Amino acid sequence: MPGFSMAEVILSGLSKAYGATQALREVSMTIPDGAFVVLLGPTGAGKTTTLRLIAGLDRPDAGDIQIGGQSVLQETPAQRDVAMVFQQYSLYPHLSVFDNLACPLRSPARRIPEHEVKERVNQVAELLRIPHKLANKSTQLSGGEMQRVAIGRAIVRRPQVFLFDEPLSNLDAKLREELRFELKAIQRKLGATTIYVTHDPVEAMSLAGRLVTAISQPTIALQQNCRTQILITVPPIRRTAG
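Asker: Which residues make up the pattern of salt bridges, and what values do they have?
Answerer: Pairing is possible between side chains that carry opposite charge, provided their charged atoms lie close to one another. Considering all chains together, one arrives at ten salt bridges under this definition. R106 serves as the salt-bridge partner of E114, at 2.6 Å between the closest nitrogen and oxygen. Judged by its relative accessible area of 42%, E114 is partly exposed. A salt bridge links E178 to R148, with the nearest nitrogen and oxygen atoms 2.9 Å apart. You can see E178 sitting in helix 5 (residues 173-190) and its partner R148 sitting in helix 4 (residues 143-155), a full 30 residues away along the chain. Accessibility expressed as a relative area gives 33% for E178, which makes it partly exposed. The structure contains a network of salt bridges with shared partners spanning R129, R148, E178 and E182.

Here's what the structure looks like:
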């Protein structure tokens with residue numbers, strides 16, 4: 001599928017606190033162009049916070065974020081050219097699958113001609129194996145089909161970076177396994193830089209080209225091709241109950 005541009009993502013000394021809770025402290029990592037990186041760790045490890053900072057939904061207290069060689073700290077989420085997929089499907093129930101997929105392209109800021117919107121939506125529907133569902137309302141879809149549409153809304157934008165925040169956690173085990181393989185195949189086909197968050201080690205190992213693991217010690221390790229290197233050293237975090 002044409003139109004995707006790869007982008008290296010560099011996090012430098014990122015820190016973020018929410019009130020008295022230190023979510024991240026001096027976290028640094030480099031996600032290469034076109035890599036599929038999985039952030040694995042328990043609840044509260046700062047995985048989702050990391051995605052929100054990259055997306056621009058939150059601002060770091062310290063540090064820098066570069067996408068494609070440029071700092072994006074002063075850019076809005078829309079200007080960063082990233083697409084984020086959440087646990088919740090967040091589809092528009094009154095719209096068809098086609099219109100849900102087309103929504104990001106019909107934004108006044110994009111001004112994409114309708115013939116190109118149709119072409120992109122049809123390409124994404126074929127990729128996700130849902131072309132026969134385009135006329136359906138989202139309320140007529142199964143959980144797996146709704147998640148395909150949510151993923152499709154990200155793909156249709158052709159962003160520089162995909163961010164996935166445990167998108168399969170609400171599905172049953174069989175569907176999760178099926179979509180894991182599909183998602184990995186899609187990422188290989190598109191070649192887009194992808195950062196995926198999960199607390200499930202099985203999911204992480206089945207998806208990751210590179211695995212960043214938040215462990216109990218104050219380090220984060222990167223595992224690639226069954227070889228582990230220390231990528232990031234994170235100072236110990238003291239959590240204070242609010």
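Still more ground to cover, so stick around.
Asker: Tell me about helix 5, residues and numbers included.
Answerer: Helix length check: helix 5 (18 residues) gives 26 Å between terminal C-alpha atoms against 26 Å at 1.5 Å per residue, within 8%. All of the buried residues along helix 5 are L179, R180, E182, L183, K184, I186, Q187 and L190. One side-chain oxygen of the residue at the start of helix 5 lies 3.2 Å from the amide nitrogen of K174, identifying that residue as D172. Looking one or two places after helix 5, you find G191, whose phi comes out positive at around 75°.

Asker: Requested: an account of helix 1 (residues 47-55), with residues and values cited.
Answerer: With seven of its nine residues buried, helix 1 lies for the most part within the structure. All buried positions along helix 1 are accounted for by K47, T49, T50, L51, L53, I54 and A55. Looking one or two places after helix 1, you find G56, whose phi comes out positive at around 90°.

Asker: Give a detailed account of the environment of L105, specifying residues and quantitative values.
Answerer: Of note, L105 is situated in the loop between helix 2 (97-102) and helix 3 (114-127). Using a relative accessible area of 0% as the deciding quantity, one classes L105 as buried. Residues L105 and K118, spaced 13 residues apart in sequence, show a C-alpha to C-alpha distance of 9.7 Å.

Asker: Can you break down the nonpolar core residue by residue, with the values?
Answerer: If you look at the biggest cluster of nonpolar residues, it comprises 40 residues, and the most contacted ones within it are V121, I155, F162 and Y196. Setting aside chain neighbours within four positions, we find V121 in contact with F98, L101, A102, L134 and V156. Core analysis: the second largest hydrophobic core is formed by 26 residues, V9, M29, V72 and V212 among them.

Asker: Break down the packing of helix 4 against helix 5 for me, with residues and values.
Answerer: Axis separation between helix 4 and helix 5 bottoms out at 11 Å; the angle between their running directions is 20°. Put simply, helix 4 runs roughly parallel to helix 5. For the crossing formed where helix 4 meets helix 5, the hand is right-handed. Contact residues: helix 4 offers G144, Q147, R148, I151 and I155, while helix 5 offers L175, E178, L179, E182, L183, I186 and L190. Taken together, the residues of the contact of helix 4 with helix 5 sort by class into seven nonpolar, two polar and three charged.

Asker: Just give me the short version of the sheet that holds strand 2 (residues 21-31), but keep the residues and values in it.
Answerer: Strand order across the open sheet formed by four strands is 2-1-4-5, with antiparallel pairing between neighbours. With partners counted over all chains shown, the strands left at the sheet margins are strand 2 and strand 5 (70-71), one partner each. Where strand 4 (residues 62-67) and strand 5 come together, two bridges link them in antiparallel fashion. By the bridge assignment, Q66 is partnered in strand 5 with S71.

Asker: Mind laying out the pairing of strand 3 (residues 36-40), listing which residues take part and the relevant values?
Answerer: Counting buried positions over the five residues of strand 3 gives five, a clear majority of the element. Taking every second residue as pointing to the same face, both faces of strand 3 are buried, with F36, V38 and L40 on one and V37 and L39 on the other. Sheet analysis places strand 3 next to strand 8 (residues 193-198), joined by five bridges and oriented parallel. Residue F36 lies in a different strand from strand 8, and its bridge partner there is T194.

Rules and cut-offs
Residues numbered from 1 in each chain as written. Predicted model: local features only at pLDDT ≥ 70, side-chain atom pairs only at ≥ 80, totals over all residues. Heavy atoms only, no water. Salt bridge = Lys/Arg side-chain N within 4 Å of Asp/Glu carboxyl O. Buried < 20%, exposed > 50% of the residue type's maximum accessible area, 1.4 Å probe, protein only. Helix = DSSP H or I, 4+ residues; strand = E, 2+ residues; numbered from the N terminus. Expected span 1.5 Å × (residues − 1). Polar contact = N/O pair within 3.5 Å; in protein donor to acceptor, adjacent residues only side chain to side chain. Core = buried A, V, L, I, M, F, W, Y, C linked by side-chain atoms within 4.5 Å. Contact = heavy atoms within 4.5 Å. Axes fitted to C-alpha atoms, helices over the stretch in contact; angles between N-to-C directions. Parallel < 35°, antiparallel > 145°, perpendicular 65-115°, else oblique. Left-handed = near helix turned anticlockwise from the far one by under 90°. Nonpolar A, V, L, I, M, F, W, Y, C, P; charged D, E, K, R; others polar. Pairing = 2+ DSSP bridges.

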